[in-house]
Amino acid sequence: MTEQTLFIVKPDAVDRSLVGAVISRFEQKGFKLLKLKMFTFSQQQAEKFYDVHKDKPFFGELTSFITSGPVVAAIIEGNNAVATTRIMIGATKSFEAAPGSIRGDFGLGFSENIIHASDSQESFDHESRVAFE
Ligand code: CMP
């Protein structure tokens with residue numbers, strides 16, 4: 001079923017000039033790029049974006065990192081976009097992510113883990129509204 005999802009190339013990946021490599025993965029897979037935006041999260045925008053994690057002990061670390069430099073947000077479209085994108089990005093802990101996944105191939109971090117992607121239709125609706133506001 002054709003769906004849309006959102007991913008964010010995080011500040012560590014932008015800093016390491018991996019934007020093209022990350023976006024290419026999705027183009028090569030067959031997804032269509034619908035929207036692309038480079039920007040830096042404000043503190044308020046980051047807190048809204050990651051609202052679901054606001055009571056977690058790592059919330060401060062998370063918002064501090066995501067606001068630390070520019071990111072690239074993308075909305076893509078294709079078959080089974082939400083779940084397939086989650087498979088493509090790999091496990092949250094990059095150092096455990098499978099080789100072949102984006103985190104598995106490009107990083108070693110946990111908080112600094114290259115890419116974020118929406119994990120459900122509801123997250124996509126919320127996150128795309130915040131990122132493209
Ligand atoms: P992301 O997919 O952007 O969703 C929430 C982020 O929180 C996650 O990737 C990690 O970067 C980060 N995260 C999750 N758990 C922890 C943790 N225990 N410590 C630090 N960062 C975390």
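All of the points below concern the structure found in this document. On a predicted model such as this, the values are computed, not experimentally measured, just so you know.

Points about the site of the ligand
Then, in step 1: Taken together, the residues surrounding the ligand are Lys 10, Tyr 50, His 53, Phe 58, Glu 61, Leu 62, Thr 92, Arg 103, Phe 110, Ser 111, Asn 113 and His 116.
Then, in step 2: In this structure, an oxygen atom belonging to the ligand sits 2.7 Å away from a side-chain N or O atom of Lys 10.
Then, in step 3: Note that an oxygen atom of the ligand is positioned 3.2 Å from one of the backbone N or O atoms of Ser 111.
Then, in step 4: By residue class, the composition of the shell around the ligand is 4 nonpolar, 5 polar and 3 charged.

Notes on the packing of aromatic side chains
Then, in step 1: Summed over all chains, the structure comprises 5 aromatic pairs.
Then, in step 2: A centroid spacing of 6.5 Å and a plane angle of 45° characterise the contact between Phe 26 and Phe 31, whose relative ring orientation is tilted.
Then, in step 3: Look at Phe 26 and you get buried, because its relative accessible area is 2%.
Then, in step 4: Each residue in the set Phe 39, Phe 41, Phe 49 and Tyr 50 is aromatic and connected to the rest through ring pairs, giving one cluster.
Then, in step 5: It is Lys 35 that lies over the ring of Phe 132; its NZ or CZ is 5.5 Å from the centre.
Then, in step 6: The lysine or arginine in question, Lys 93, covers the ring of Phe 110, its NZ or CZ lying 5.6 Å from the ring centre.

Looking at the pairing of strand E3 (residues 71-79)
Then, in step 1: Burial of E3 is extensive: 7 of the 9 residues sit out of reach of the surface.
Then, in step 2: Both strand E2 (residues 32-39) and E3 contribute to a ladder of 7 bridges, which runs antiparallel. In the strand pairing of E3, Phe 39 is matched with Val 71.

Analysis parameters
Each residue is numbered by its place in its chain's sequence as written, counting from 1. Thresholds applied to this predicted model are a pLDDT of at least 70 for local features of residues and 80 or more for the giving and counting of side-chain atom pairs; totals over whole chains, interfaces and linings are not thresholded and use all residues. The basis for the side-chain values is all heavy atoms of the structure; hydrogens and waters are excluded. Any residue with a heavy atom positioned within 4 Å of a molecule or strand is treated as near that molecule or strand. A 3.5 Å cut-off defines polar contacts: any pair of N or O atoms within that distance qualifies, except that in protein one atom must be a possible hydrogen donor and the other a possible acceptor, and neighbouring residues in sequence count only when both atoms are side-chain atoms. Residues are sorted three ways: Asp, Glu, Lys and Arg are charged, Ala, Val, Leu, Ile, Met, Phe, Trp, Tyr, Cys and Pro are nonpolar, and all the rest, Gly among them, are polar. Stacked, edge-to-face and tilted labels apply to pairs of Phe, Tyr and Trp rings (six-membered ring for Trp) whose centres lie within 6.5 Å, assigned for plane angles under 30 degrees, over 60, and everything in between, in that order. In this scheme, a residue with accessible area under 20% of its type's maximum is buried, one over 50% is exposed, and one in between is partly exposed, where area comes from a 1.4 Å probe on protein chains only. Two conditions define a charge sitting above a ring: the NZ of Lys or the CZ of Arg must be within 6 Å of the ring centre, and it must be within 35 degrees of the ring normal. A run of H or I in DSSP becomes a helix once it reaches four residues, and a run of E becomes a strand once it reaches two; helices and strands are each numbered from the N terminus. In this description, strands pair whenever DSSP reports at least two bridges between them.

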